[in-house]
Amino acid sequence: MMEAFDPRSIINGGMLKQFSGQTVSIMVRVESVAGSTLLASSTDNHKLKINLPGELCATDGAWVEVIGVPHGADTIRAKEVIEFGGEKIDFDKDGYNGLSHLINNVKAFYRSG
């Protein structure tokens, strides 16, 4: 039997506090990894501290997707971290920020029919 998909919101760093206690997905750029702590920058340049579920082998400058639960404006308890090919990836930060704002601002419109 497959596990149910855990619904989550796609956000950027500026939205963390708004989604505190909910499962989110956020793209971040690795600044450093020390044990079970990842220090990273969000696509909108917020500095974040991420408590990892296990070891992470991502290099400084790499982009990763963090799926987890935010606590406050700058901390996330990660459930999963997905690596995206190291520091050489050409990630569209502006596109991601636009996407995160769009999908979080039109939810009510689509729910109301």
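Keep in mind it's a predicted model, so treat the numbers as computed, not measured.

Caption draft 1: How the structure looks around the pattern of salt bridges. For the coordinates displayed, the defined rule picks out two salt bridges. With a shortest N-O distance of 3.9 Å, Glu65 and Arg8 are connected by a salt bridge. With Glu65 in strand S5 (residues 63–70) and Arg8 in the segment before strand S1 (9–10), this residue pair connects regions lying 57 residues apart in the sequence. Its relative accessible area of 32% is what places Arg8 among the partly exposed residues.

Caption draft 2: Summary view of the side chain of Ser25. Along the chain, Ser25 turns up in strand S2 (residues 24–34). Residue contacts for Ser25: discarding those within four places in its chain leaves Arg8, Ser9, Ile10, Ile11, Glu65, Val66, Ile67 and Tyr96.

Caption draft 3: View of the packing of aromatic side chains. Using the criterion set out here, one finds two aromatic pairs in the structure. Measuring from centroid to centroid gives 5.9 Å for Phe91 and Tyr96, while their planes differ by 50 degrees, and the two rings are tilted. Each residue in the set Trp63, Phe91 and Tyr96 is aromatic and connected to the rest through ring pairs, giving one cluster.

Caption draft 4: Quick look at the pairing of strand S3 (residues 37–42). Direction of pairing for S2 relative to S3: antiparallel, over a ladder of six bridges. Bridge pairing in S3 places Ser32 opposite Leu39. Following S2, the chain reverses through two residues before pairing antiparallel with S3; Gly35 in that reversal takes a positive phi of roughly 65 degrees. Where S3 and strand S4 (residues 47–51) come together, five bridges link them in antiparallel fashion. Across the sheet, Ser41 pairs through a bridge with Lys47, a residue of S4. With antiparallel pairing between neighbouring strands as the criterion, S3 and S4 make up a hairpin whose turn holds four residues, including Asn45 at a positive phi of roughly 65 degrees.

Caption draft 5: The arrangement of the nonpolar core in detail. Formed by 24 residues in total, the largest nonpolar core has its most connected members in Ile26, Val28, Leu38, Ile50, Val64 and Val66. Every element with two or more residues in this core is listed here: S2, S3, S4, S5 and strand S6 (75–83). Of all the elements, S2 adds the most residues to this core, at five residues. Contact partners of Leu38, with chain neighbours within four places excluded, come to Val28, Val30, Ser32, Val33, Leu48, Lys49, Ile50, Leu52, Leu56, Val64 and Val66.

The rules behind these values
Residues numbered from 1 in each chain as written. Predicted model: local features only at pLDDT ≥ 70, side-chain atom pairs only at ≥ 80, totals over all residues. Heavy atoms only, no water. Salt bridge = Lys/Arg side-chain N within 4 Å of Asp/Glu carboxyl O. Helix = DSSP H or I, 4+ residues; strand = E, 2+ residues; numbered from the N terminus. Buried < 20%, exposed > 50% of the residue type's maximum accessible area, 1.4 Å probe, protein only. Contact = heavy atoms within 4.5 Å. Phe/Tyr/Trp six-rings, centres within 6.5 Å; stacked < 30°, edge-to-face > 60°. Pairing = 2+ DSSP bridges. Core = buried A, V, L, I, M, F, W, Y, C linked by side-chain atoms within 4.5 Å.

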